[in-house]
Amino acid sequence: MADFGEILRNIGEFGLFQQLTLIALCFTNLIQPFIFASFLFIQSDPERHCNTDWILQADSNLTTDEQLNLTLPREEDGTFSRCQMFLPVNWDIGAIREYGLNETTRCRDGWVYYDTLYDATIVTDFDLVCDQANMVQVTQAVFMSGILVGSIIFGPFAESFGRKRATQITTVLLFIFTVTTALCPNVYLYLASMFMVGIGGGGYRINSIILATEWIGPSKRSWGACVAQLFGAVGQCVVAGMIYFIRDWRLAQLITAAPIAVVVIYIWFIPESARWLLSRGRTEEAKQLIVKAAAINKRTVSDSLLNNIAVKDVGNKGGIRVIFRSPVLTKYLFIITLSWFSLNLSIFCVYFNMGSFGYSIFVTQLLFGAIEIPAHILCMWLLEVFGRKILFVATLLSGGLSCILVLAVPQGEAIAVTSLVVAARFFLLSSASICTVYIQELFPTSVRQTATALGAISARVGGLLAPLLNILAVYHWVIPTTVFSSVTLVSGALCLLLPETRSKDLPESADEAENRDGTSANKTSCSNPKSTKL
């Protein structure tokens, strides 16, 4: 009987068919960084004052300075209050000038913004200032919650209904709600729309990588996750330029939706995973796709090989119980989910806080995107040279150490701080690429999607907690960095308990996966699952 690994060796492990499929699935990752723009490229505390045009009804010829002097209280430093105004009265202008106004109230008619870096942001459009200022962090948390829910829903969904169907549905969700987000008239509809965008983005990311990887042979399997991350890195660079030239968040949101519309069209032609079809007993459909893949790769596959495809009983009906019935798989899952959690917690704590490093946010964003490109390119090569385990442990520990070293830098040293966080991002994102490869190689086909979904869920929880952890900086600035750095270092050490999976066929059953935990497997080196970014 021929297993699927032998089939891939015959039709080509990474031929034109796999390359086209991978690029088509990864194109959306180029666009996804744009979605962060609406709540990253903002001025959280813009220069402003209350809108007091009510007084113009008493005298429409007032100059701006006269209007502000009559209607706004002053702070202790002599500047006009940015969150308070005098209570409007129904007096004529003479009485207002003679008696003055003393009773204050919160801004009742919105704000007037000036000296802003952007033409329009969610802060200025929805007035997320003063007592609504924490809504920026709420927006980040809601979006990350959507990614978490998307991972929860569409991971198991793909196990039952297929990788292809899961990517199609999430792409449509991503397109629809990226458009509606740009049209939202208030912050509450914006939050709901961003939550749905998060669901689509989270569900698409994990399923697209799985679908691409299951068509790639062992010798090039790391390319599946690394190329996906590489497209995201290029997107990080592009978004910095887009926001620099287009400083209106609604227009940027609509521009983001345009390429997603292209994906919505061609996603229906992406092939299903033949591995998944075989695991579900749909042998004839799998054979047709294998023949098609061989033809595109300019290879031939013999009828005898097709007729001898092994259709294993891989425990599809067990679901998540397959993992928890096995102490070995349970150990893998615990270590991977903790690692993925710590990675995303660290990555997003740093990312959401990049405006405070002392440099232009455009330059910082460009550096963050640019450093990802060598991180992912090197991963594709180093994974095959050093294996998964050693490289994963090294990058995870290096990333955590780089983060914690920020605490030793005096505040105000922008160059040193930015250098350390860029280095930390390099190591953490390298680890993320390794993680997405590694988790798929540790678990059998029957639960690969479920295990990846559980890992992605832990990652999304880390991303969800990141903006909340950053809020603790109001008590002391070292708290967030100490927490996420420590968790990352601990998870890196635990990864030493994982087996090496380099150049091995993907396991089809729980027994095959467990056999990798033996003495011989441990000697080869083990790479830890990594956190995926979103």
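A brief look at the structure comes next. Everything quoted here is computed from the prediction, not taken from an experiment. (Residues numbered from 1 in each chain as written. Predicted model: local features only at pLDDT ≥ 70, side-chain atom pairs only at ≥ 80, totals over all residues. Heavy atoms only, no water.)

Next up on the list: the pattern of salt bridges. Applying the stated rule across the entire model yields 10 salt bridges. Salt-bridge contacts for Asp45 lead to Arg82; the nearest nitrogen and oxygen are separated by 2.5 Å. Residue Asp45 is located in the loop between α3 (37-40) and β1 (48-50), and its partner Arg82 is located in the loop between α4 (64-71) and β2 (84-86); the two are separated by 37 residues in the primary sequence. Judged by its relative accessible area of 22%, Arg82 falls in the partly exposed class. (Salt bridge = Lys/Arg side-chain N within 4 Å of Asp/Glu carboxyl O. Helix = DSSP H or I, 4+ residues; strand = E, 2+ residues; numbered from the N terminus. Buried < 20%, exposed > 50% of the residue type's maximum accessible area, 1.4 Å probe, protein only.)

The next subject is the packing of helix α2 (residues 16-35) against helix α11 (residues 249-266). Two elements in contact, α2 and α11, have axes separated by 10 Å at closest approach and are oriented at 160°. If you check the angle between α2 and α11, you find them roughly antiparallel. Both α2 and α11 take part in a crossing whose hand is left-handed. Together, Ala24, Phe27, Thr28, Ile31, Phe34 and Ile35 of α2 and Thr256, Pro259, Ile260, Val263 and Tyr266 of α11 make up the contact between the two elements. Considering only residue class, the contact of α2 with α11 consists of 9 nonpolar, 2 polar and no charged. (Axes fitted to C-alpha atoms, helices over the stretch in contact; angles between N-to-C directions. Parallel < 35°, antiparallel > 145°, perpendicular 65-115°, else oblique. Left-handed = near helix turned anticlockwise from the far one by under 90°. Contact = heavy atoms within 4.5 Å. Nonpolar A, V, L, I, M, F, W, Y, C, P; charged D, E, K, R; others polar.)

As a further point, take helix α20 (residues 445-471). Here α20 spans 40 Å end to end across 27 residues, near enough to the 39 Å set by a 1.5 Å rise per residue. The largest bend in α20 amounts to roughly 30° and is located at Leu465, with the proline Pro467 lying one to four residues further along. Taking burial as the measure, the 27 residues of α20 include 22 buried ones, the bulk of the element. (Expected span 1.5 Å × (residues − 1). Bend = angle between axes of the 7 residues up to and from the residue.)

Residues Leu465, Leu468, Ile471, Leu472, Val474 and Tyr475 make up a contiguous nonpolar surface patch of about 580 Å² in total accessible area. The exposure class of Leu468 is partly exposed, given its relative accessible area of 40%. (Patch = residues over 30% accessible without salt bridge, like charges linked within 9 Å, V, L, I, M, F, W, Y side chains within 5 Å. Areas by Shrake-Rupley, 256 points an atom, 1.4 Å probe, with all protein chains shown as cover.)

It is worth spelling out the nonpolar core at this point. Grouped together as the largest cluster of nonpolar side chains are 131 residues, with contacts concentrated most on Phe39, Phe143, Ile243, Phe352 and Phe443. Looking at this core element by element, the count peaks at 16 residues for helix α16 (residues 327-352). With 19 residues, the next largest nonpolar core counts Phe4, Trp215, Ala286 and Val301 among its residues. (Core = buried A, V, L, I, M, F, W, Y, C linked by side-chain atoms within 4.5 Å.)

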